[in-house]
Amino acid sequence: ILGNGFITLVNCIDWIKMQKISLADRILTALALSRIGLILVMMVSWFTKESYPFSSLDIKRNKVILFSIAGLLANHFSVWLATGLSLFYFLKIANFSNAVFLHLKFRIGMVVMVIFLGTLVLLPLSLTLVSIYINIKIHQYERNMTLNSKKSDTETVSKLIILTVESFLPFTISLSCFLLLMFSLLKHIKKMRSHATGFRDPSCKAHVRAMIMVISFLILLAIHFLSHLMTAFYHNVMQSKLAFMLAEALGTIYPSVHSFVLILGNDKLRKA
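Residues numbered from 1 in each chain as written. Predicted model: local features only at pLDDT ≥ 70, side-chain atom pairs only at ≥ 80, totals over all residues. Heavy atoms only, no water.

Condition: UniProt positions are given in the numbering used here, feature names are shortened, and annotations may be inferred rather than shown by experiment.
Looking up the protein in an unreviewed UniProt entry gives the name Taste receptor type 2, with the organism given as Cervus elaphus. As recorded by UniProt, the Subcellular location (unreviewed entry) comment attached to the protein reads in full: "Membrane".

This is the structure in structure tokens:
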């Protein structure tokens, strides 16, 4: 929360002073706010689970509905804003002579906006699956064990589909950006060898920094996906509560650690 709050504070102060804000800072600020929301949802969810484990069915129903929808929205915006940031780094720094790439490069803002708005189409599917998940949770105390078993299977499948939709697509886009950035860097190094500048060249440094940002997002998103995958199979596979707690703790690494990577990789934030 401190890391994401710092990003928001620095960018807002700079926005007030300069009376304008760049596209990268807008994405970073929105990303930081979405991650604060995601972490708060996780914290409140854990707190209520530990403090009120034997609450009434009505309270459980309201908790499941609230945390499921809030968690889905916060995670959706957090992941896709980070993906938009990866796409921004790629279009801003990579250098290709392809006509399509140049067309997109000169319209970075529009490309990022279209990608982000396009992902809102996925929200109805995710919300539908969440409604299935909520209905299963609400009726999990029914006496019919066979029905409960079937519901448990449906719950697991619905959670897996949500995770795949919300993680696989942004992971694929960010991985493509990373590979293309690497190809652009190798091409640039080959071009600059005759000038004996190598990695001292500003463009090379920008490439390397952007690649570090993107690869850190990919690694942390993979850990985030793995943690949710582990909790999805908790009732069927993971019998240890300690393992379940570890899986939930791993889920906080992505929204927390990546923000500090972004701070260190951004000149303005690092100097501040």
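## Re the pattern of salt bridges
Where charged atoms from two side chains of opposite charge approach closely, those side chains can pair. Put simply, the rule is: A pair is scored as a salt bridge if a Lys or Arg side-chain nitrogen falls within 4 Å of a carboxyl oxygen belonging to Asp or Glu. Numbered from the N terminus, helices here are DSSP runs of H or I no shorter than four residues, and strands are runs of E no shorter than two. Exposure is judged per residue with a 1.4 Å probe applied to protein chains only, and the accessible area is read against the type maximum: over 50% gives exposed, under 20% gives buried, and values in between give partly exposed.
According to the stated counting rule, one finds four salt bridges in the structure shown. Across the pair Lys268 and Asp14 runs a salt bridge whose closest N-O atoms are separated by 3.3 Å. With Lys268 in helix H11 (residues 267–271) and Asp14 in helix H1 (residues 2–18), this pair connects stretches of sequence that are 254 residues apart. Residue classification places Lys268 among the partly exposed residues on the basis of a relative accessible area of 25%. Asp25 is the partner of Lys268 in a salt bridge, and the nearest nitrogen-oxygen pair spans 2.7 Å. Residue Lys268 is found in helix H11, and its partner Asp25 is found in helix H2 (residues 23–51); the two are separated by 243 residues along the sequence. Overall, Asp25 belongs to the buried group, its relative accessible area being 10%. One continuous salt-bridge network, built from bridges that share partners, spans Asp14, Asp25 and Lys268.

## Overview of the side chain of His258
Applicable threshold: Residues are treated as being in contact if the distance between any of their heavy atoms lies within 4.5 Å.
Counting through the fold element by element, His258 comes out in helix H10 (residues 253–265). We classify His258 as buried; its relative accessible area is 2%. Here His258 is in contact with Arg35, Met213, Ser216, Phe217, Leu220 and Ile253, once residues within four sequence places are set aside.

## Points about the UniProt feature "transmembrane region" (unreviewed entry) in the protein
Under the UniProt annotation, the feature "transmembrane region" (unreviewed entry) is placed at residues 27–47, 67–91, 111–136, 168–189, 210–230 and 242–264. Secondary structure across residues 67–91 comprises 100% helix and 0% strand; the distance between its end C-alpha atoms is 36 Å. Along residues 168–189 one finds 100% helix and 0% strand; the C-alpha atoms at either end are 31 Å apart.

## Examining the packing of aromatic side chains
Rules: Put simply, two rings from Phe, Tyr or Trp (the six-membered ring, in Trp's case) pair if the centres are within 6.5 Å, and we call them stacked under 30 degrees between planes, edge-to-face over 60, tilted for the rest.
Evaluation of the coordinates by the stated rule reveals seven aromatic pairs. A ring pair is formed by Phe77 and Phe116, whose centres lie 5.8 Å apart and whose planes are at 40°; its orientation type is tilted. Residue Phe77 is found in helix H3 (residues 57–93), and its partner Phe116 is found in helix H5 (residues 108–119); the two are separated by 39 residues along the sequence. Their ring planes at 50° and their centres at 6.0 Å tell us that Phe217 and Tyr254 sit as a pair that is tilted. Pair noted here: Phe217 is in helix H8 (residues 202–232) and Tyr254 is in helix H10, with a separation of 37 residues, a long-range link. Taken as a pair, Phe217 and Tyr254 share a single burial class, namely buried.

## Let's talk about the nonpolar core
Nonpolar side chains in soluble globular proteins tend to be buried together. Definition in use: Among buried residues, those of type Ala, Val, Leu, Ile, Met, Phe, Trp, Tyr and Cys that are joined through side-chain atoms within 4.5 Å constitute a nonpolar core.
Leu85, Phe88, Tyr89, Phe90, Leu91, Leu181 and Leu262 are the most contacted members of the largest nonpolar core, which totals 43 residues. Looking at this core, the elements that each hand over two or more residues are H1, H2, H3, H5, helix H7 (145–192), H8 and H10. Residue contacts for Leu262: discarding those within four places in its chain leaves Leu28, Leu31, Arg35, Leu85, Tyr89, Met213 and Leu269.

## Concerning the environment of Lys268
We apply this condition: Throughout this description, a polar contact denotes any pair of N or O atoms lying within 3.5 Å of each other; where both atoms belong to protein, one of them has to be capable of donating a hydrogen while the other can accept it, and for residues adjacent in sequence the pair is counted only when both atoms sit in side chains.
Between the C-alpha atom of Lys268 and that of Val10, which follows or precedes it by 258 residues, the distance is 8.6 Å. Residues in contact with Lys268, not counting those within four places in the same chain, are Val10, Asn11, Asp14 and Asp25. Reaching out from Lys268, the side chain makes a polar contact with the side chain of Asp14 at a distance of 3.3 Å.

## Re the side chain of Ser216
In this fold, Ser216 is placed in helix H8. From its side chain, Ser216 meets the backbone oxygen of Met213 in a polar contact 2.7 Å long. Ignoring anything within four residues of it in the chain, the contact list for Ser216 reads His258 and Val261.

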